[in-house]
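If you want the building blocks of each chain, they are given just below.
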Amino acid sequence: MRLNIIQLGDGVVDIEIKGRYFTKTERSTLTDFAEWSGQKLIGRRIMRYMQLTIQLNHPNHYKKHWLYADTDYNDEDCRRLPRNFIVTMTSRFGMLRSLVILAHEMVHVKQFALGELIWPEHNKYPKWFGKRINYEHTSYWDLPYEVEAHGREKGLVYQWCDERKLWKESWYRELF
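The rules behind each value
Residues numbered from 1 in each chain as written. Predicted model: local features only at pLDDT ≥ 70, side-chain atom pairs only at ≥ 80, totals over all residues. Heavy atoms only, no water. Helix = DSSP H or I, 4+ residues; strand = E, 2+ residues; numbered from the N terminus. Buried < 20%, exposed > 50% of the residue type's maximum accessible area, 1.4 Å probe, protein only. Contact = heavy atoms within 4.5 Å. Salt bridge = Lys/Arg side-chain N within 4 Å of Asp/Glu carboxyl O. Polar contact = N/O pair within 3.5 Å; in protein donor to acceptor, adjacent residues only side chain to side chain. Phe/Tyr/Trp six-rings, centres within 6.5 Å; stacked < 30°, edge-to-face > 60°. Core = buried A, V, L, I, M, F, W, Y, C linked by side-chain atoms within 4.5 Å. pLDDT = per-residue confidence, 0-100. Pairing = 2+ DSSP bridges. Expected span 1.5 Å × (residues − 1).

In terms of regular secondary structure, the protein is built from 4 helices and 8 strands. Secondary structure elements in the protein, listed N-terminal to C-terminal, are β-β-α-α-β-β-β-α-β-β-β-α. Taking all 176 residues of the protein together, 48% fall into the buried category. Across the protein, contacts joining residues at least 24 apart in sequence account for 61% of those joining residues at least 6 apart.

This is how it looks when you write it as C-alpha cells:
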C-alpha cells in the first residue's frame, strides 16, 4: 500500500509502507516521521533522490533473535552511494516504541546514504568513516554506528513530537 509521495523541490521522495499490522493512521504517522527524520538527518537535496520502503513484519517475526528491525539497501550501482533503502521492522510494539525503532533505523539510513558506514558486499568487515570495524570481536553496544543510532533515537522522536505538537497523545508521555 503506497501511502505517501512527498514533493520536495523538483524531486520526489518515495516512501512506501508494506505490511498490514498497523492502522492507516499509524502508517501515516510512521510515514510522516520517516520523511521528517530523513530530511533532518540527510537533508532535502539527497532525500529527493531516495526511495524508502518500510516493511512491517508479523509481531513474532523477530521473537527468537531479539532483533526488532534491520536496514538494508538494494542499489545495483555500487559506484555511488545507496539511495534505495528497505527498513524491516516488527509490528510487535505500540506507536512510541515503533517510532523509536524507526528513528534508530533512520540513523542507519543516514549513515549509508552519506557514506559514513560502508558495508561492502564481498568484504567481511564494514567501514566506519573509512576505518575497518571488526564487528565479530566488538560488543554490539560498542560498535560506533550503533552508538550513534542508540544515542539519537529518542531525541529524534522527541523533536518530531515537539514540532508536531503531540504532547496530548497518550503515548507521548511515555517517551521520557
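Quick look at the pattern of salt bridges now. Tallying each qualifying case throughout the model produces 5 salt bridges. Of the charged contacts in the structure, one is a salt bridge between Glu-116 and Lys-110, with a shortest N-O distance of 2.8 Å. Glu-116 gets classed as buried once you look at its relative accessible area, which sits at 12%. Overall, Lys-110 belongs to the buried group, its relative accessible area being 5%. Arg-164 serves as the salt-bridge partner of Glu-163, at 3.1 Å between the closest nitrogen and oxygen. Look at Glu-163 and you get partly exposed, because its relative accessible area is 47%.

Turning our eyes to something else, we now look at the environment of His-150. Structurally, His-150 is set in helix H4 (residues 144-164). Taking the relative accessible area as the measure of exposure, His-150 reaches 27% and is therefore partly exposed. Once the C-alpha coordinates of His-150 and Val-107 are considered, the two residues, 43 residues apart in sequence, prove to be 8.8 Å apart. Contact partners of His-150, with chain neighbours within four places excluded, come to His-104, Tyr-140 and Trp-141. Side chain to side chain, His-150 and Tyr-140 meet in a polar contact 2.9 Å long.

Here the structure, examined in full by the defined rule, presents 10 aromatic pairs. For the pair Tyr-68 and Phe-93, a centre-to-centre distance of 4.9 Å together with 90° between the ring planes defines the contact as edge-to-face. In this pair, Tyr-68 is assigned in the loop between strand E3 (51-57) and strand E4 (69-73) and Phe-93 in the loop between strand E5 (84-90) and helix H3 (95-113), connecting sequence segments 25 residues apart. Neither residue differs from the other here; Tyr-68 and Phe-93 are each classed as buried. When the centroid spacing of 6.2 Å and the interplanar angle of 55° are considered together, the rings of Trp-128 and Tyr-145 count as tilted.

What follows concerns the environment of Gln-51. Along the chain, Gln-51 turns up in strand E3. The exposure class assigned to Gln-51 is partly exposed, which follows from its relative accessible area of 27%. Setting aside its immediate chain neighbours within four residues, Gln-51 contacts Asp-14, Glu-16, Arg-83, Asn-84 and Phe-85.

Quick look at the nonpolar core now. One finds Phe-33, Leu-52 and Leu-102 to be the most contacted residues of the largest nonpolar core, which totals 45 residues. Among the elements of the structure, strand E2 (11-18), helix H1 (24-41), helix H2 (44-47), E3, E5, H3 and H4 are those that each provide at least two residues to this core. Among the elements that take part in this core, H3 stands out by supplying 12 residues, more than any other.

Another point: the confidence of the model for the protein. Looking at the protein, pLDDT values average 85 and 84% of them are 70 or higher. Low pLDDT, under 50, characterises residues 1-12; the predicted model gives this stretch 34 contacts beyond four residues in sequence or across chains.

The next point concerns the sheet that holds strand E6 (residues 117-118). Read from one edge of the open sheet, 3 strands run E6-E7-E8, paired in antiparallel fashion. Edge positions in the sheet fall to E6 and strand E8 (131-132), since each of these pairs with one other strand and no more. Pairing between strand E7 (residues 127-128) and E8: 2 bridges, direction antiparallel. Among the inter-strand pairings, Lys-127 is bridged to a residue of E8, identified as Arg-132.

With that out of the way, let us pick up H1. Relative to the 26 Å expected for 18 residues at 1.5 Å per residue, H1 spans 25 Å between its end C-alpha atoms, a close match to the ideal helical length. Buried residues dominate H1, accounting for 13 of its 18 residues. Directly after H1, the chain includes Gly-43, whose backbone phi takes a positive value near 100°.

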